[in-house]
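What the coordinates show
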Amino acid sequence: MDQRDIKPLLQIMASLRDPDSGCPWDIKQDFSTIAPYTIEEAYEVADAIQRDNMEELRDELGDLLLQVVFHARMAEEAGHFSFGDVVDAICDKMTRRHPHVFGDETIADSDAQTHAWEEHKARERSQKNLHGETRSILDDIARGLPPLKRAGKLQRRAARVGFDWPDSKGVVEKLEEEIYELKEVVQNAQNKQRIQDELGDLLFTCVNLARHTGIDPETALAGANSRFEQRFKQIEQALTQKGKDLQEVSLDEMDTLWDEIKRKER
């Protein structure tokens, strides 16, 4: 097992943050200014994985690790915790939540492990409630998550206490209801906030349908984005072959090309 020492990286960050000889930009940063970079690096890791680029993945994982080291260094400077405390905390959590590996429990399969993991998390939340740290089962769902992902987490958490449809049929009916309500506020030219609220309800219900059908909504939307991009580029290519420019053709002509491209895909 490769266990190269992380101390050089920790020392590099300490040097960058040194108030006398460090980097002015690094010294100036705080948790809130670094947080957006942390999110960005996580997305770049996911992108490298999606493109199956292992060389880029290595580099992006390093960038993400640097974010952890950066936050830990700032916390240590403020007297909150150190990088070692971060390591200890995650080691303790992983050991505690895998008693079938580090203890005597038995887990049948991956689905059973997912269920057991959620049970462990629920017990941990209950312990926090005893100490007055949380007030709701939804309190510890991070607000910084992408909205689609956070919607799914909120729904799954509520479902664990019975606040859920028994099957996807009820969700489809709710989806139809939300579409009707959105159409009504748009047709009646109601204020932008009402339209935004109804559109949000529709998207939230779409996430619920994805959850009930075992679909990841972000993956589904990413696929739709990719299909749109590929089809639109084919429209551009088809028009170029005809000696036409996008700005010169009508919507009807572009729609005709779009439909032809979709038929070929089938």
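Residues numbered from 1 in each chain as written. Predicted model: local features only at pLDDT ≥ 70, side-chain atom pairs only at ≥ 80, totals over all residues. Heavy atoms only, no water.

A short note on the overall build of the chain
As a reminder of what qualifies: The helix and strand labels rest on DSSP assignments: H or I over at least four residues marks a helix, E over at least two residues marks a strand, and numbering proceeds from the N terminus. Radius of gyration here uses only the C-alpha atoms, and the compact-globule reference equals 2.2 Å multiplied by the residue count raised to the power 0.38.
Looking only at helices and strands, the chain features 12 helices and zero strands. Ordered by position in the sequence, the α and β elements of the chain form the string α-α-α-α-α-α-α-α-α-α-α-α. Against the compact-globule benchmark of 18 Å for 266 residues, the chain has a radius of gyration of 25 Å, which places it well outside the compact range. Projecting the C-alpha coordinates of the chain onto the three principal axes gives extents of approximately 65 × 50 × 45 Å.

Points about the environment of Asp52
For Asp52, the location among the structural elements is in the loop between helix H3 (31–50) and helix H4 (54–77). Each C-alpha atom, one on Asp52 and one on Asp5, is 27 Å from the other, the two residues being 47 residues apart in sequence.

So, the packing of helix H9 (residues 168–187) against helix H10 (residues 192–212)
What counts here: Every axis corresponds to a line fitted to the C-alpha atoms, with the helix fit spanning only the stretch in contact, and the corresponding angles, defined between N-to-C directions, vary from 0 to 180 degrees. Note on terminology: angles under 35 degrees are roughly parallel, angles over 145 are roughly antiparallel, angles of 65 to 115 are roughly perpendicular, and the others are oblique. Crossing chirality is assigned from the near helix's rotation relative to the far helix, an anticlockwise turn below a right angle marking it left-handed and a clockwise turn marking it right-handed. The contact rule is simple, with two residues in contact once any of their heavy atoms fall within 4.5 Å. Nonpolar residues are Ala, Val, Leu, Ile, Met, Phe, Trp, Tyr, Cys and Pro. Charged residues are Asp, Glu, Lys and Arg, and all others, Gly as well, are polar.
The interhelical angle for the contact between H9 and H10, taken along N-to-C directions, is 165°, at an axis separation of 9 Å. When the axis of H9 is compared with that of H10, the two are roughly antiparallel. Helix-helix and strand crossings are classified by hand; for H9 and H10 the assignment is left-handed. Contact residues: Ser168, Val171, Val172, Lys174, Leu175, Glu178, Ile179, Glu181, Leu182, Val185 and Val186 in H9; Arg194, Ile195, Glu198, Leu199, Asp201, Leu202, Thr205, Cys206, Asn208, Leu209 and His212 in H10. Taken together, the residues of the contact of H9 with H10 sort by class into 12 nonpolar, four polar and six charged.

Some thoughts on the packing of aromatic side chains
We apply this condition: Note on ring pairs: Phe, Tyr and Trp rings are taken, using the six-membered ring of Trp, and paired if centres are within 6.5 Å. Classes follow the plane angle, with under 30 degrees stacked, over 60 edge-to-face and the rest tilted. Using a 1.4 Å probe on the protein chains alone, a residue whose accessible area is under 20% of its type maximum counts as buried, one over 50% counts as exposed, and one in between counts as partly exposed.
The final tally for this structure, using the stated rule, is three aromatic pairs. Pairing Phe228 with Phe232 gives two aromatic rings, centres 5.9 Å apart and planes at 15°, and the pair type is stacked. Separated by four residues within a single helix, Phe228 and Phe232 lie in helix H11 (residues 217–241), roughly one turn from each other. Judged by relative accessible area, which is 29%, Phe232 ranks as partly exposed. Measuring from centroid to centroid gives 5.5 Å for Phe228 and Trp258, while their planes differ by 50°, and the two rings are tilted.

Quick word on H4
Residues lying three or four places apart along an α-helix face the same way, a consequence of the helix completing one turn every 3.6 residues. Test applied: By this rule the span expected of a helix is its residue count minus one, scaled by 1.5 Å.
Here H4 contains 24 residues, and its C-alpha end-to-end distance of 35 Å stays within 8% of the 34 Å for a straight helix at 1.5 Å per residue. Within the span of H4, buried status applies to Leu57, Glu60, Gln67, Val69, Phe70, His71, Ala72, Met74 and Ala75. Elements that come into contact with the buried residues of H4 comprise helix H1 (7–16), helix H2 (24–28), H3 and helix H5 (83–96). Phi turns positive one or two residues past the end of H4, at Gly79, with a value near 80°.

Structural notes on the nonpolar core
Most often, soluble globular proteins keep nonpolar side chains buried together rather than apart. Which entries qualify depends on this criterion: Among buried residues, those of type Ala, Val, Leu, Ile, Met, Phe, Trp, Tyr and Cys that are joined through side-chain atoms within 4.5 Å constitute a nonpolar core.
Listed in full, the eight residues of the largest apolar core are Ile235, Ala238, Leu239, Val249, Met254, Leu257, Trp258 and Ile261. Sorting the residues of this core by element identifies H11 and helix H12 (251–265) as the ones contributing at least two each. Counting residues per element, this core draws most heavily on H12, which supplies four residues. Residues Ile34, Val69, Met74 and Phe83 belong to the second largest nonpolar core, which totals seven residues.

Focus on the packing of H11 against H12
Taken N-terminus to C-terminus, the directions of H11 and H12 make an angle of 120°; their axes are 10 Å apart at the nearest point. As the angle between them shows, H11 and H12 are arranged oblique. Seen from above, H11 lies across H12 with right-handed handedness. For the pair formed by H11 and H12, the contact residues are Phe228, Arg231, Phe232, Gln234, Ile235, Ala238 and Leu239 on the first element and Glu253, Met254, Leu257, Trp258, Ile261, Lys262 and Glu265 on the second. Its residues assigned to classes, the contact of H11 with H12 shows nine nonpolar, one polar and four charged.

Overview of the environment of Ile215
Of note, Ile215 is situated in the loop between H10 and H11. Using a relative accessible area of 46% as the deciding quantity, one classes Ile215 as partly exposed.

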